[in-house]
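Coordinates in review
In case you want the letters, here they are:
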Amino acid sequence: MFEDVPALEDLPEVGGARVLVRADLNVPLSRSLSGDLLVADDFRLRAALPTLRWLLSRGARVTVATHLGRPKGRRDPNLSTDPLRQALGNLGEDVEVMENVRFDPGEEANDPRSGAALVRGQDLFVNDAFGACHRAHASIVYPPSVLPSAAGRLLHAELDALAHVIEAPRRPFTVVVGGAKVADKLGTIRALARKADRIVVGGAMAFTFLAARGREVGGSTVDASEIGHCEALLGSLDPNVTIELPVDAVAGKVAGGHDPSSYGEVRAFGEEIAAGWRGLDIGPQTRSRFAQAIDGSATVLWNGPMGVFEDPRFSAGTRDVALAIAGCRGYTVAGGGDTLAAVRALDLVDSFDHLSTGGGAMLSLIEQGDLPGIAALREAGRRMRSQGAGRAAALHATRPLQARSR
Ligand code: ADP
Ligand code: MG
């Protein structure tokens, strides 16, 4: 389904060209003893290397653009890309690194003047920032509207992997959702309810579903404005689709505030949670039911932790679900910032078929089947074929654009 998204091989003449690469180098930073900002985890830098090396080895002059944190359109010295430039240099890559694209208020506003400033002096564009493709920001959609463009290796790997889940997932197809933001994810759950065989709901969002079923959830996090939507969703489910909601919970006594460390007392509850207690993880019975639902699935998609996994008292649900998915023989995908942090902390990175670098982007792609950044590349591909501009045109005119090059 993404065959018409141009790949690196579809770019005209890369040797000697100036190539703008929009990467997602949104890494965590930390401060050294001497006060310098350092890259705390270079996972995303290393993930960007295949594309950079492909271009550099062919003689391209590469400039990398990325966002870093949320500077909200203002210059913030704590979110400068200087540490990235240094870290990439240490990895031996001879590339230029632009300043944080989100210092410019025109980036998120998709101001064409910001886009024009980015592409000045560039010949080609490569988008390798899957995690930002669901946003119509200037650095994502403007360059492919004016330059011959392609998806980088990382972006193509995401599309290849997620196409397995979007197009014709092998059955039974189980979707596991959790985490905090029920309002953000309800649309995806609704879309997936039409495609999946089993839906497993944990995390904070489960309590809004349980409230919709009329259960007593005590002081658990409930999004009152979404109860009606959850009720409608539960009521309209295809009878062939099963939905698993928690049947027990591990709860913390509400001491005031949402700070997990402030839950002094912890106890287990069954179906109903007493007033004054907040459900912070799924309970033991739910853990085994969820593991059973996952076991034997031919496709599993997971986004969102089952509990406040950052606190070891509430991490068992996320651990057991992660282990069940890791042990499942089917095609397994996990995505989302916190979800991947949990997978990494559990040392299960190699046990998944695909770990998506995008949380929001992954869910939007699965929900809508397309993203603004992908559509912009597809459009660039169409232009590259029909205009036939430049030397490469003759080369490319007679064959379809390659999508699944590895
Ligand atoms: P992702 O980043 O993987 O998309 P989210 O950001 O949606 O996931 O959700 C992760 C957050 O949800 C974590 O910080 C976790 O502590 C929180 N969370 C999970 N379960 C609960 C719960 N029962 N109550 C409160 N917060 C929860
Ligand atoms: Mg998150």
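Counting restarts for each chain: residues are numbered from 1 in the order of the written sequence. Here chains are named by letter from A upward and ligands by number from 1 upward, in the order in which they appear as written. Selection of residues for local features in this predicted model requires a pLDDT of at least 70, selection of side-chain atom pairs for listing and counting requires 80 or more, and totals for whole chains, interfaces and linings are taken over all residues. Working from all heavy atoms in the structure, the side-chain values ignore hydrogens and water.

**Quick look at a positive patch on the surface**
Where we set the bar: Surface patches are defined over residues having more than 30% relative accessible area and no salt bridge, joining like charges when they lie within 9 Å and nonpolar side chains (Val, Leu, Ile, Met, Phe, Trp, Tyr) when within 5 Å. Only the protein chains shown count as cover for residues, with accessible areas throughout obtained via the Shrake-Rupley method and a probe of 1.4 Å. Any Lys or Arg side-chain nitrogen found within 4 Å of a carboxyl oxygen on Asp or Glu counts as a salt bridge. As used throughout, the charge tally considers Lys and Arg to be positive and Asp and Glu to be negative, leaving His and the chain termini uncounted. Every charge is mapped to an atom, namely NZ of Lys, CZ of Arg, CG of Asp or CD of Glu. A run of H or I in DSSP counts as a helix once it spans at least four residues, and a run of E counts as a strand once it spans at least two, with each numbered from the N terminus. For every residue, the accessible area obtained with a 1.4 Å probe (protein chains only) is divided by the maximum for its type, and the residue is called buried under 20%, exposed over 50%, and partly exposed between those limits.
On the surface, Arg70, Lys72, Arg74, Arg135 and Lys181 cluster together into a patch of positive charge. Note that Arg135 resides in the loop between β6 (124-127) and α5 (138-141). Accessibility expressed as a relative area gives 35% for Arg135, which makes it partly exposed.

**Observations regarding the sheet that holds strand β10 (residues 242-244)**
This is how the line gets drawn: At least two DSSP bridges between two strands are needed for those strands to be called paired. Axis definition: a line fitted to C-alpha atoms, limited for helices to the stretch in contact. Angles are taken between N-to-C directions and run from 0 to 180 degrees. Any two residues whose heavy atoms approach within 4.5 Å are treated as being in contact.
Strand order in the open sheet formed by six strands is β10-β9-β8-β14-β15-β16, and the pairing between neighbours is parallel. One side of each edge strand has no neighbouring strand; the edge strands of this open sheet are β10 and β16 (354-356). Averaged over neighbouring strand pairs, the angle between their axes works out to 15° when direction is ignored. Strands β8 (173-177), β14 (299-303), β15 (331-335) and β16 of the sheet are contacted by helix α7 (residues 153-166), whose axis makes an angle of about 110° with β16.

**Here we look at the site of ligand 1**
Note the following rule: We call a residue near a given molecule or strand whenever any one of its heavy atoms falls within 4 Å of it. Nitrogen and oxygen atoms within 3.5 Å of one another constitute a polar contact, given that in protein one can donate a hydrogen and the other can accept it, and given that sequence-neighbouring residues count only through two side-chain atoms. Three categories are distinguished: nonpolar for Ala, Val, Leu, Ile, Met, Phe, Trp, Tyr, Cys and Pro, charged for Asp, Glu, Lys and Arg, and polar for the others, with Gly belonging to the last.
Surrounding ligand 1, one finds 18 residues, the nearest of these being Lys185, Gly279, Glu310, Asp338 and Thr339. The separation between an oxygen atom of ligand 1 and a polar side-chain atom of Lys181 is 3.2 Å. Here a nitrogen atom of ligand 1 and a backbone polar atom of Gly279 are 3.1 Å apart. Protein chains bury 85% of the 580 Å² of accessible surface belonging to ligand 1 in isolation. Of the residues that constitute the shell around ligand 1, the class distribution is six nonpolar, eight polar and four charged.

**Here's the deal with the packing of aromatic side chains**
For clarity, the threshold we go by: Here is the rule: rings of Phe, Tyr and Trp (six-membered ring for Trp) pair when centre to centre is within 6.5 Å. Planes less than 30 degrees apart are stacked, more than 60 are edge-to-face, and the remainder are tilted.
Tallied over the full model, the rule gives three aromatic pairs. On the numbers, 6.4 Å between centres and 25° between planes, the contact of Trp302 with Phe352 is stacked. One end of the pair, Trp302, is in strand β14; the other, Phe352, is in the loop between α13 (337-345) and β16, and 50 residues separate them in sequence. Look at Phe352 and you get buried, because its relative accessible area is 8%.

**Quick word on the sheet that holds strand β5 (residues 96-97)**
The parallel open sheet is built from five strands, whose spatial order is β5-β4-β1-β6-β7. Of all strands in the sheet, those bounded by a partner on one side alone are β5 and β7 (149-151). Inspection of the sheet shows strand β1 (residues 18-22) paired to β6 by four bridges, in the parallel sense. Counted as the bridge partner of Val19 is Leu124 from β6.

**Looking at the side chain of Thr66**
Tracing the chain through its elements places Thr66 in the loop between β4 (61-65) and α2 (82-90). Only 2.8 Å separates the side chain of Thr66 from the backbone nitrogen of Leu25, close enough to count as a polar contact. When near neighbours in sequence (up to four residues on either side) are disregarded, Thr66 contacts Arg22, Ala23, Asp24, Leu25, Asn26, Thr81, Leu84, Glu99, Asn100 and Val101.

**As for the environment of Glu107**
Of note, Glu107 is situated in helix α3 (residues 105-108). Residues Glu107 and His137, spaced 30 residues apart in sequence, show a C-alpha to C-alpha distance of 5.5 Å. Once you skip the residues sitting within four places of it in the chain, Glu107 turns out to touch Arg22, Val101, Arg102, Ser114, Leu118, His137, Ala138 and Ser139. In this structure the side chain of Glu107 is engaged in a polar contact, spanning 2.7 Å, whose partner is the side chain of Ser139.

**Focus: the pattern of salt bridges**
Pairs can form between side chains of opposite charge once their charged atoms are near each other. All chains considered together, the criterion is met by 20 salt bridges. Between Asp24 and Arg44 there is a salt bridge, with its nearest N and O atoms 3.9 Å apart. Here Arg44 lies in helix α1 (residues 43-57) and Asp24 lies in the loop between β1 and β2 (29-31), a separation of 20 residues in the sequence. Overall, Arg44 belongs to the partly exposed group, its relative accessible area being 22%. Between Glu271 and Arg215 there is a salt bridge whose closest N-O contact spans 3.5 Å. Residue Glu271 is found in the loop between β12 (266-269) and β13 (277-282), and its partner Arg215 is found in the loop between α9 (205-212) and α10 (227-235); the two are separated by 56 residues along the sequence.

**Here we look at α13**
Using the following cut-off: The arc in question is the one traced by the directions running from the helix axis out to the C-beta atoms.
Turning to α13, its buried residues number three or more, namely Thr339, Leu340, Ala342 and Val343. One side of α13 carries all its buried residues, which in axial view fall inside an arc of 155°. Looking at α13, the residues exposed on the side facing more than 90 degrees away from the buried face are Gly337 and Ala345. Those residues of α13 that are buried lie in contact with β14, α12 (316-327), β15 and β16. Of the residues trailing α13, Asp347 is marked for its positive phi of about 60°.

**Structural notes on the environment of His137**
Looking at the element boundaries, His137 is found in the loop between β6 and α5. Judged by its relative accessible area of 8%, His137 is buried. C-alpha separation for the pair His137 and Arg198, spaced 61 residues apart in sequence, amounts to 35 Å. Not counting chain neighbours up to four residues away, the residues in contact with His137 comprise Arg102, Glu107, Glu108, Asn110 and Tyr142.

**Looking at α9**
Of all eight residues making up α9, seven are buried, and the element is well covered by its neighbours. For α9, the set of buried residues is Met205, Ala206, Phe207, Thr208, Phe209, Leu210 and Ala212. Following α9 by one or two positions, Gly214 has its phi on the positive side, about 85°.

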